[in-house]
Amino acid sequence: MLLCPSTMCMDFGQLEKEIKQLESAGIDIFHNDIMDGNFVPNITLGINDLKAIKRYTDKPCDVHLMIENPSNKVDWFIDAGADIVYIHPESERYVSKTLNHIKERGVKAGIAINPDTSIETVKEMLNYSDYVLVMTVNPGFAGQKYIEFCTEKVKRLAQMKERYGYKIIIDGSCSPQRIKMLREIGADGFVLGTSALFNKNKSYKEIVQKLRSM
């Protein structure tokens, strides 16, 4: 099970300490939400934030590009150290071309599927996807409520993943109970935010150990 803490939930005033504590806890991938204020109504991390995070860790770092026309920007983030790049099909005209370009740059490529995006509309793109990021909340803000009908989408994607060879990562309201349920139906990893990891009265290590023991 891949555990991917959302870096926008970290205390950037203590960035190095936060990263080292998360590493010590045994996390797998640092998840970086990049928002431009256009594709989603929020602005979060950018290239310099990714560079700062990479300065303190050798763990893989992904970037979830919630931006318009990501093909114009993917090289910026790859050059800054991204190991996995997610794009949204709704924001890109030639999705497969962009996914293939990401792979040609030597990093992993992924698509991010919004709650209201059907599997049928992205099936061809799965041929170029190393990861599928299933949004179980609407993108843009932390702390939202899980959208129940997304569970069926995870089930269907799990049935297809052996054919296409991707891993399924869940992003949105990943509580411990939800993680257990979605893991059992085929999810491979989870983005951890305030529902499971941050702003708790336990250490990161305690929380991660409990998640892995479920």
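Report follows, based on the coordinates.

One open sheet holds the eight strands; their spatial order is E1-E8-E7-E6-E5-E4-E3-E2, and the pairing between them is parallel. The sheet is open, and its two borders are formed by strand E1 (2-5) and strand E2 (30-35), each paired with just one other strand. The sheet shows a mean angle of 25° between the axes of neighbouring strands, direction not considered. Relative to strand E3 (residues 61-66), E2 is paired through six bridges, and the arrangement is parallel. Of the residues in E3, the one forming a bridge with His31 is Asp62.

Approximately 190 Å³ is the volume attributed to the largest pocket. Lining the largest pocket, in full, are Pro176, Gln177, Ala196, Lys200, Lys202, Glu206, Ile207, Lys210, Leu211 and Met214. The biggest single contributor to the lining of the largest pocket is helix H7 (residues 204-213), with four residues. Looking at side-chain class alone, the lining of the largest pocket contains five nonpolar, one polar and four charged residues. Lining the second largest pocket are 14 residues; nearest its centre among them are Asp11, Gln14, Glu18, Gln21 and Tyr204. Sort the elements by how many residues they give to the lining of the second largest pocket and helix H1 (residues 15-25) lands first, with three residues. A class-by-class count of the residues in the lining of the second largest pocket yields six nonpolar, three polar and five charged.

This next bit is on the nonpolar core. Core analysis: the biggest nonpolar cluster contains 62 residues, and Leu65, Val85, Ile111 and Ile170 have the highest contact counts within it. Of all the elements, helix H5 (residues 150-164) adds the most residues to this core, at six residues. Contact partners of Leu65, with chain neighbours within four places excluded, come to Ile34, Pro70, Val74, Phe77, Val85, Tyr86, Ile87 and His88. Residues Cys4, Val137, Ile169 and Val191 belong to the second largest nonpolar core, which totals eleven residues.

What follows deals with the environment of Gln21. Structurally, Gln21 is set in helix H1. Separated by 183 residues in sequence, Gln21 and Tyr204 place their C-alpha atoms 6.9 Å apart.

Applying the stated criterion across every chain, the model contains ten salt bridges. Two residues, Asp28 and Arg212, come together in a salt bridge whose shortest N-O distance is 2.6 Å. Here Arg212 lies in helix H7 and Asp28 lies in the loop between H1 and E2, a separation of 184 residues in the sequence. One salt bridge connects Glu184 with Lys180, and the closest N-O pair in it is separated by 2.9 Å. With a gap of four residues between them, Glu184 and Lys180 both fall in helix H6 (residues 176-184), about one helical turn apart.

The rules behind these values
- Residues numbered from 1 in each chain as written.
- Predicted model: local features only at pLDDT ≥ 70, side-chain atom pairs only at ≥ 80, totals over all residues.
- Heavy atoms only, no water.
- Pairing = 2+ DSSP bridges.
- Helix = DSSP H or I, 4+ residues; strand = E, 2+ residues; numbered from the N terminus.
- Axes fitted to C-alpha atoms, helices over the stretch in contact; angles between N-to-C directions.
- 1 Å grid on protein atoms, 1.4 Å probe; cavity = no way out; pocket = protein on both sides within 12 Å on 5 of 7 lines; lining within 4 Å.
- Points joined across faces, edges and corners; volume = space filled by probe spheres on them.
- Nonpolar A, V, L, I, M, F, W, Y, C, P; charged D, E, K, R; others polar.
- Core = buried A, V, L, I, M, F, W, Y, C linked by side-chain atoms within 4.5 Å.
- Buried < 20%, exposed > 50% of the residue type's maximum accessible area, 1.4 Å probe, protein only.
- Contact = heavy atoms within 4.5 Å.
- Salt bridge = Lys/Arg side-chain N within 4 Å of Asp/Glu carboxyl O.

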